[in-house]
Amino acid sequence: MLIKKVLLDVDPGIDDAVALCLAMFDPQLDVVAVTAVGGNVPPDQATRNVQAIIEQLDPPRWPRIGVASLPELGLPTRSAQLHGPDGLGNSNFQVSELQHRHPSEKVICDEVRVAPGEVTIVALGPLTNIARAFQRDPALPELVGQIVMMGGTLSGPGNITPAAEFNIYCDPESARGVFRSPATKTLVPIDITHQVSFGYDLLEKLPDETTRAGRFLRRILPFLFRSYRQELGFESIRLNDAVALVSALHPELFEIELAAADIELSGELTTGATVFDRRRHREWRTNLAVATKVDIASVRDHVLRGLAAAGAASQT
Ligand code: RIB
Ligand code: CA
């Protein structure tokens, strides 16, 4: 059975937390590190949330933790707080003091360097840490196995502005740096992740309270349902990051196309937009693969089965 080395870069965020739960209890994955990045919440809160998630879930193997720091231009203030002020549905988890504090970008460089070509980076937040890791170690893009990024838009509207998706919008300079790097990249845009919705019946399907995963998920998910209903008028939620994680584990459930994409850095209305060169005689260099279709039912099933497995592996 192939054990796949993954590094998750996250800005928890409830959907980040669900993706972490899936990954840390998946027997086919070796989660070498979880690196925090500011996005849904400020950097310090993102780091605390990563630690809280790992402590609450207590997975079979504890990953290294990377500490988040602010992007050069800071983070945008987010009107709709889908994930709550603390990023985890106001769960206010107790967190112990993080002993060995290493910057996220250093952890990324270290973990890729010890296993050249083997690590899949699953980027589920702004691309600040990945870009910084590439600046810190210019050879790194060629040493990463691949990067799977949840972010951007393919042809649909943005979610933080009409033109931009949140992860890209938070740090467009870093996103451009990563898009233009020679690393092997797959983009999973919000057009795709938004197709996989979860109704209220998800709450009945979660592992029960006798499991660490069940207790944790039942603490954070109800808030997301309330947010989607109150902020967006939806009677279901999207777990964008969990879908992006599934694309890294089961690429056969997605259709992808090679594409030439770049990021708008300074449009009055379009900052953070993902721009594709779709001209008949494309002039931009092909620089990534982008998911264009998804097997919705199968992906949803993989998420539900992964959460059930997390419950089975976290009985207490
Ligand atoms: O636009 C959705 C993305 O922004 C998700 O990763 C969510 O967690 C937030 O980071
Ligand atoms: Ca996220």
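Above this text you will find the structure in question.
Analysis parameters
Residues numbered from 1 in each chain as written. Chains lettered and ligands numbered in written order. Predicted model: local features only at pLDDT ≥ 70, side-chain atom pairs only at ≥ 80, totals over all residues. Heavy atoms only, no water. Helix = DSSP H or I, 4+ residues; strand = E, 2+ residues; numbered from the N terminus. Buried < 20%, exposed > 50% of the residue type's maximum accessible area, 1.4 Å probe, protein only. Core = buried A, V, L, I, M, F, W, Y, C linked by side-chain atoms within 4.5 Å. Contact = heavy atoms within 4.5 Å. Near = heavy atom within 4 Å. Polar contact = N/O pair within 3.5 Å; in protein donor to acceptor, adjacent residues only side chain to side chain. Areas by Shrake-Rupley, 256 points an atom, 1.4 Å probe, with all protein chains shown as cover. Nonpolar A, V, L, I, M, F, W, Y, C, P; charged D, E, K, R; others polar. Donors = N, O, S within 2.8 Å, 3.2 Å for Na, K, Ca; no water. Pairing = 2+ DSSP bridges.

S.K.: I tried to follow unusual backbone geometry on my own but got confused; where do I start?
M.R.: Leave glycine aside and you will find that most residues have negative phi; peptide bonds, for their part, are mostly trans. Residue glycine 13 is bonded to the preceding proline 12 through a cis peptide linkage, with omega at -20°. By the element assignment, glycine 13 lies in the loop between β1 (4-10) and α1 (14-24). The phi dihedral of aspartate 58 is positive, around 45°, even though this residue is not glycine. Accessibility expressed as a relative area gives 34% for aspartate 58, which makes it partly exposed.

S.K.: Quick question: what am I supposed to make of the nonpolar core here?
M.R.: Within soluble globular proteins, side chains that are nonpolar generally end up buried alongside one another. Membership of the largest hydrophobic core comes to 67 residues, with the highest contact counts inside it found for Leu8, Leu202, Leu221, Ile237, Leu239, Phe254 and Leu307. Not counting residues up to four positions away in its chain, the partners in contact with leucine 202 are Leu221, Phe225, Ile237, Leu239, Leu304 and Leu307. In this structure, Val107, Ala123, Leu140 and Ala183 belong to the second largest nonpolar core, which totals 33 residues.

S.K.: Teacher, can you tell me more about the site of ligand 1 here?
M.R.: Around ligand 1, 13 residues are found, and the nearest of them are Asp15, Asn159, Glu165, Asn167 and Asp241. Between ligand 1 and asparagine 159 there is a distance of 2.7 Å, counted from an oxygen atom to a side-chain nitrogen or oxygen. Contact with the protein chains covers 98% of the free accessible surface of ligand 1, which is 280 Å². Taken together, the elements giving at least two residues each to the shell around ligand 1 come down to α1, α6 (166-170) and α11 (240-249). The class makeup of the residues in the shell around ligand 1 is four nonpolar, four polar and five charged.

S.K.: Looking at this structure, I do not really get the coordination of the calcium ion (ligand 2). What am I missing?
M.R.: Listed as protein donors to the calcium ion (ligand 2) are Asp11 (OD), Asp16 (OD), Asp16 (OD), Leu124 (O) and Asp241 (OD); their distances from the metal cover 2.2 to 2.6 Å. Here the donor residues for the calcium ion (ligand 2) map to a single chain with the spacing D-x4-D-x107-L-x116-D. With aspartate 16 in helix α1 and leucine 124 in the loop between β5 (119-123) and α4 (128-136), this residue pair connects regions lying 108 residues apart in the sequence.

S.K.: What is the right way to read the sheet that holds strand β3 (residues 64-67) from this model?
M.R.: Note on sheets: strands pair through backbone hydrogen bonds, and any given pair is parallel or antiparallel. Pairing is mixed across the open sheet formed by nine strands, whose spatial order is β4-β3-β2-β1-β5-β6-β7-β13-β10. Edge positions in the sheet fall to β4 (102-103) and β10 (254-259), since each of these pairs with one other strand and no more.

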